Structure formats: C-alpha cells, structure tokens
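Listed below, chain by chain, are the residues.
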Amino acid sequence: MTLNDLRQTIKGRVVLRGDECFDEARKPWNRAIDQWVLAVVEAYDADDVATLVTYARQERLTVAAQRAGHRPSGDVDGVILLRTDRLNDVAVDPVTRTARVGAGATWGQVLAAASPHGLTGLVCSSATVGALGAVLSGGVGWFGRKYGFAANTVRAFDAVDADGLPVRVTPETDPDLFWALRGGGGDFAVVTAMEFDLPPAPKLYGGRMLWAADRASYVLDAYREVTATAPEDLAVWFNLFQPPDAAPSVAVDVTFLGEAGEAQRLLSRLEAVEGVISDNRGVMPVEELGGICAEPIEPSPGLWRSELLTVLDDTVAQLLLANAKSMEPLTSLQLRQLGGAVAVDRPDGGVVPPLIEPFLLSMFGVPSDPEARIAVEAKMAEMAGAFEGYVSGTKPYMCLAPGEDASKAFPEATLLRLRELKRSRDPHNVFRGNFPILR
C-alpha cells in the first residue's frame, strides 16, 4: 500500500508532495515555522486516524498530529502530518460540569458552550488554540492559580494506539498512559477526543489597562505590589509592547473570578498609576476571555522564548526595564504571575511538575525574513542571558521553543519514566510529539 492508495481508504483529504495544494496544507498556523513533511492527511473522523496509524506502522513511517500549529516545533521532517481540525465536536454537560471535545476543538468553542452555564475551561491567552494541544502540553492559563493545570482536569481520553487500535484511556483502564497524556505531549498515542471537568466561573471580571511606555517603571512597581498579595482568584499579566508600526506601550491584563467591586479594590494600586490611555476592564462572559490579550486570530508568524523567573525583586525589575528600552527586534515582553494551584504537587496529577517559580517571562518577535529571524533569536538569547542567575533553567513543556529539548521540561525521574513508556508502547516510533521524548 502506498501513500497514494490511502486516498481510497481515508474519508478525509490526503495531500502529497507534488500536489498543487501541498505547500499550503503543510503550513502551520504560525507561519514562522516550516514543516517539511512527507504528506498531509486531514482526518474526517476517528476511523481515519486508526487507518492512518495502521498504515504508518506497517510502512515504518511516523505520524505527527496537529490541529493547526500555533506553537509548532518544526521537528516534523519526513513525517506524515495528521490534521485533526475536523474532529471538533463539543458537548457540555452542565449537571456533571464536564465537557467532551474532539481533538480539533478550540478553546473558543469550549468557552462558548460552557459560558451559558457559568462554567469555563482552563484556557490560555488565545481562544483560537486547540484545547487538546494545551492539555497534552500541560496547559497553564488565566485560571491556573485558582484551578491548576488544564491537564489535571481530564477524566478520560479516546485515542488510537501504536497498533492502530482505538483505546479508552482512564485512571482505571490504563493509569500509565493516562498519566503520560496529561502533559507529556503527543508521543504515546493519537488522541481523538477527551472528557474533562469544567470549573465554575459564575462571575468574571477582566480586561486590559494601557499606558505609554514612559510609565513602565510606575506600572511595574504597582504590578509587583498587587501580585505580592494577590488571591488565587486574580490573574495579573504585565506586558511591554514595541510594535513596528505603533508607539511603545505598557499594559496590564487581568482576570478575576469574582465581583467587579472586589477586583477594583485589589487593583487599586494599578488604577492609581496616572496616564492610562485605555481601560476596557469590566464584567465579562467567559466566552470573551480570548479577546483580553488581543492576540492574532488569523495565521501569522512569530518566534517565542520563555523562562521561569525565580524572583521579581528590585534587581530583576531594573533588568527588565533596562532590556525593554532596547528590545528591538522583539515586539513584546510579558510577565505572568504563577503560584497558587500550579505550584502544588498533586499525587494524582499528570506529568507536569509543580511550577514553584513565581513568574513566567515570555519574549516574542515577528520575523519578516530569514535575516530578521536570526536577529529575533539572537535578541531573545541575549535577553535570557541578562537574567542569568534569576531563571531556573527549566520550563514547562507548553513553553518550549523550536530547538529546545523536552528534557528541560521534566525532572530526570519523570523523563526516564516517559522514555520507558514510549519504548514499550511505541517501539517502532509511529508517533512524534511536538517536542519528542526520545531523540
């Protein structure tokens, strides 16, 4: 059986090298990353996934599953790229406070279905990102301080194993695989659907405050004071922006699971910073969470790098401000407060280790050409080096960037267990995760 023969057995579309639409089909959502894949298979349903995996095992080929590719590693040379975006059913049960979603469902779809019931998924900053991809990589977002990792809300996975067989993965049916899929990436099976808990969010306050960049030091001082005593219901993210076509600025993005009056009291120190240009904070439905950070909703290029800060003292604050004055060609720096539930070690949790560091520093740049890409990557490396001694050296799997190794994301004992599971469950390397456990 050849790749061309798959067209007779797959209900979805099979795109091969040489096809007119191949170049477009292989592109990820993030246009900064290239994907030199062997073929693209757009699955119509779970049966298509099983057919493809069976074929790949027989032919000693490798499959990499991807809904759209917001944070692709680019490590897919010569593999079959499996697109799962058609598997996008979403069903919410408000009685059990659970959702069942297909592998191609986005957080936006989940939030739209959950919001009318006063429930939420543990979404990151963008609602266009796939819910499954976030779970497989751990998932820490707006409500992580209150409810922990998205991966730890899962009750069950429906998947296809390395033999091409459909499997139901729960703590009872397969505790080892259930553990690994919650934050260990896509190296162990192709997940076609999952069921997970929806935490309550009956009242939500959120939005963005924006100032000119010359207020950055005052905003950062206020941010440090607010986060020093912030309850777990409050998430506060600090941003420095230097877009190529607009004036530099500083912003604070917030969400609060509670009453507007209490949120304003907790944020009063930030509200006292003069010179605010805009402030769109207010009571909001959960389904509008994806709009707070104003991230792109259409495919676009971008490079990123993240580091875990061990402290945000005066020295680190000054380092951040000093680097922000000459951050070109980067377009943004962001601080996300961690702590709370993501710092708790759960014996029944998945792969993701607790994040004991208090802040996540993220850098972002938009490369317009290969030369600009080199400049962006060099600047991110330079900036990361400036914080040497104040970063932990580890980082969540969900924050790994192209060229980084999965070993940075897990303690040694966890990594050894994941690698042993990979060898036993997928000895022929049918599956390749975004950041492979085995090289």
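Preceding this section is the structure that the text describes.
The rules behind the values
Residues numbered from 1 in each chain as written. Predicted model: local features only at pLDDT ≥ 70, side-chain atom pairs only at ≥ 80, totals over all residues. Heavy atoms only, no water. Pairing = 2+ DSSP bridges. Helix = DSSP H or I, 4+ residues; strand = E, 2+ residues; numbered from the N terminus. Axes fitted to C-alpha atoms, helices over the stretch in contact; angles between N-to-C directions. Contact = heavy atoms within 4.5 Å. Salt bridge = Lys/Arg side-chain N within 4 Å of Asp/Glu carboxyl O. Polar contact = N/O pair within 3.5 Å; in protein donor to acceptor, adjacent residues only side chain to side chain.

Colleague: For this particular structure, what's the right way to read the sheet that holds strand β4 (residues 80-83)?
Modeller: Sheets are built from strands paired through backbone hydrogen bonds, the pairs being either parallel or antiparallel. Sheet architecture is open: four strands sit in the order β1-β2-β4-β3, paired in mixed fashion. Taken across any chain shown, the strands that pair with only one partner, and hence form the sheet edges, are β1 (13-16) and β3 (63-66). Taking each pair of neighbouring strands and ignoring which way they run, the sheet shows an average axis angle of 20°. Relative to β4, β3 runs parallel, the two being bridged by four bridges. Of the residues in β4, the one forming a bridge with A65 is L82. Across the sheet, helix α3 (residues 46-59) lies against β2 (39-42), β3 and β4, angled at about 170° from β4, the strand it touches most.

Colleague: Could you clarify how one ought to interpret the pattern of salt bridges in this entry?
Modeller: One side chain can pair with another of opposite charge once the charged atoms of both are near each other. The final tally for this structure, using the stated rule, is 34 salt bridges. With a closest N to O distance of 3.1 Å, R26 and D23 form a salt bridge. Taken together, the positions of R26 and D23, both in helix α2 (residues 22-26) and three residues apart, correspond to about one turn of that helix. Between R346 and D348 there is a salt bridge, and its shortest N-O distance comes to 3.1 Å. Through salt bridges with shared partners, a single ionic network connects R305, E307, K395, E404 and K408.

Colleague: How should the side chain of R432 be read in this particular structure?
Modeller: By the element assignment, R432 lies in the segment after α13 (412-425). Of note is the side chain of R432, whose polar atom sits 3.2 Å from the backbone oxygen of D75.

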